[in-house]
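This is what each chain is made of:
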Amino acid sequence: MEEEFILDPDRFLLAAALVDWAALARRDETHMTALKQSRETLVRGVQLRWLLSPELGYPTEPFEVWRRPALNVQLEKELPVEDETLIVQTLFNWRAFAAPSPMVFIRATLQVTAPQANVIAFAGAPFGSAVVGIETVSSGFRTISFSAPQIACLVLFDGVELLRWVGIDGQDANRGEWTLIERVGLPVDQGEWNGVFGLDADQGPAGMPMPPVDAALSRFSRGAAPFGWQSAFAPGRLAPHWRKADPKAFLRVMEDDVLDGLLEMVTTRPPNLHGTLERSVDLAAEGGGEAAAATFSLLGTLMFAAATDPVASLLAGFGTAVEEIDIPPISVRDVEYFNDPNRSDSDFRVTARFANGLDGQSDKIAFAAIALSPRRVVPPPPPANLSILQEGMRSPPTTDGAWRPVMRLGWDRLPPGLPLRSAAYAHARSVGGARTAQALILPRRGDEALQPIGVTTGSDVPANVPQLRASDDSFAIPGSPAVVPLLYGVAHQDIFGVWSEWRTAPINVQEPPCRSCLSCLRRSTLRPPQDPVRPR
């Protein structure tokens, strides 16, 4: 009997992209050098990242990754193009077509009369939900396709006519012949986790089982980005030096701070209560003030790390990289398959099983997340409308010490659901005519590699916070020159480790106006001159 899986992209999400590091390296000469030195990197492969909602909890066995050829003609359903599917037509001549039910894959045949136009796929209502795909088409008859956890409608702009479209829904996509290719889980010690459900099982590629820690290192060696941000910070200026993270240092941090808590979580709580296990830490105040206490969900924090840090997603067991298999092109019903260089020739599925249900007392339940023929990755968009504002000054800690300006950086927040939206950012500062900028992010714990700062996105972000923000109060103003020009820059990173270009903005800083003269006048003990003494 075929195993049944629940597909719920709101609670179990899979992001996938075809990544060609050699093609990306052509943007930067230093990246080509780094790629040649990174011998174990999978140069061209499919990067997979997945996330579980904390309300599901953590599965009782490692995730399983599956593959099959992206030949889904037997699964495709003809979608109607009649007028009743038309949601709205505006004065601007764009039209929105709704699928009868949410799809995970759509292929559309178009007639384009404009020189160039756009087609956008939305997860829900047009312009009121997440964007899951954008295609730019030129004049003529064109066939385009979209793949996403959920596609509800297509918006066609002026000059584009929809001739035919077919789709595959989630349940149909889950059917068919899948081949298990890898098991992925937490980097646990098998002795300490012995008998804890199935979480002590071997992991790694099918046919090559290995201990969980070795499997984590294998995923990192295959899937970690061989290079980082662009070396060009601004014309004539270099970005800070980027260094690849040390995977063993990350695993030591997990061993010291995370895995014991996760072991307590899975052995004392049912999955749907895993998110309730909290930890408290004391945060030291700057300048030696009273420490502040912080309380956080252990699973929620792990999910945030997996969603924003490519290193964490690979090593903690929420991602992997697999080789792209090129399949010879074929034609079925006048549609060509395996002939699009911008798409993988394979579909992918990740499954998560809960042996006793989500409440720990029910029958076994299994979830699946699917990515059909993932598209080639594109770098995330660079920060838009970067602005720098000086909010104040930190006074010198000692007499004749340096003033430190308090700077706030702000830039536009990306819409939730934008394809390969930014997962993290780095910011840096260049002083005067310095050739190399200084990074303003800190090193990873126990490592010299820098830690990008995770970006919070999604519907939980308040609508009245349209910007992402960063700050800097580390620059000590020298005694001279009187005015110091600063150049700040920000770059985005996606969950696969691909960086955007830098965007920069200048600002001048100087010490606050000297008030000593006025103070001296007010405190002066000099008296008005008296009449000279005249001799008698």
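Residues numbered from 1 in each chain as written. Predicted model: local features only at pLDDT ≥ 70, side-chain atom pairs only at ≥ 80, totals over all residues. Heavy atoms only, no water.

A. Seen up close, the overall build of the protein. The helix and strand tally for the protein stands at 9 helices and 27 strands. Split into buried and exposed, the 536 residues of the protein put 46% on the buried side. Excluding contacts between residues fewer than 6 apart, the proportion of contacts in the protein whose partners are at least 24 apart in sequence is 74%. Counting only carbon and sulfur atoms, one obtains 52% of the accessible surface of the protein, whose full area is about 26800 Å². (Helix = DSSP H or I, 4+ residues; strand = E, 2+ residues; numbered from the N terminus. Buried < 20%, exposed > 50% of the residue type's maximum accessible area, 1.4 Å probe, protein only. Contact = heavy atoms within 4.5 Å. Areas by Shrake-Rupley, 256 points an atom, 1.4 Å probe, with all protein chains shown as cover.)

B. How the structure looks around the sheet that holds strand 20 (residues 387-394). Strand order in the open sheet formed by 3 strands is 20-21-25, and the pairing between neighbours is antiparallel. Two strands bound the open sheet, and with one partner strand each, they are strand 20 and strand 25 (467-472). Ignoring which end each strand starts from, the neighbouring axes of this sheet average 20° apart. (Pairing = 2+ DSSP bridges. Axes fitted to C-alpha atoms, helices over the stretch in contact; angles between N-to-C directions.)

C. Representation of helix 6 (residues 259-268). For helix 6, the full list of buried residues reads Leu259, Gly261, Leu262, Met265 and Val266. Summarising the axial view, the buried residues of helix 6 lie within an arc of 155°, below the 170-degree limit, and thus occupy one face. Where helix 6 is buried, its residues touch helix 5 (247-257), strand 13 (278-283) and helix 7 (298-308). (Arc of directions from axis to C-beta.)

D. Up close: the pairing of strand 2 (residues 44-52). Within strand 2, 7 of the 9 residues are buried, which leaves it mostly tucked inside the rest of the structure. Direction of pairing for strand 1 (residues 12-20) relative to strand 2: antiparallel, over a ladder of 9 bridges. When the bridges of strand 2 are listed, Asp20 appears paired with Arg44. Note: strand 2 against strand 15 (residues 319-323), 5 bridges, orientation antiparallel.

E. Here's a closer look at the sheet that holds strand 9 (residues 179-184). Ordered in space as 10-9-3-18-19, the 5 strands form an open sheet in which the pairing is antiparallel. Sheet topology places strand 10 (204-205) and strand 19 (365-371) at the edges, where each strand pairs with a single neighbour. Here strand 3 (residues 63-69) pairs with strand 9 via 5 bridges, running antiparallel. In the strand pairing of strand 9, Glu64 is matched with Arg183.

F. The arrangement of the nonpolar core in detail. Counting 53 residues, the largest nonpolar core has Phe12, Trp50, Phe63, Leu262 and Phe318 as its most contacted members. Take this core: its biggest share by element is 5 residues, from helix 7. Counting residues in hydrophobic clusters, the runner-up holds 22 residues, among them Phe97, Met103, Val112 and Leu156. (Core = buried A, V, L, I, M, F, W, Y, C linked by side-chain atoms within 4.5 Å.)

G. Highlighting unusual backbone geometry. The backbone of Ser373 sits at a positive phi, close to 45°, despite the residue not being glycine. Position of Ser373 among the secondary structure elements: in the loop between strand 19 and strand 20. Residue Ser373 is classed as buried on the basis of its relative accessible area, which comes to 8%. Here Asp400, not a glycine, exhibits a phi torsion of approximately 65°, which is positive.

None of this, on its own, says anything about what the molecule does.
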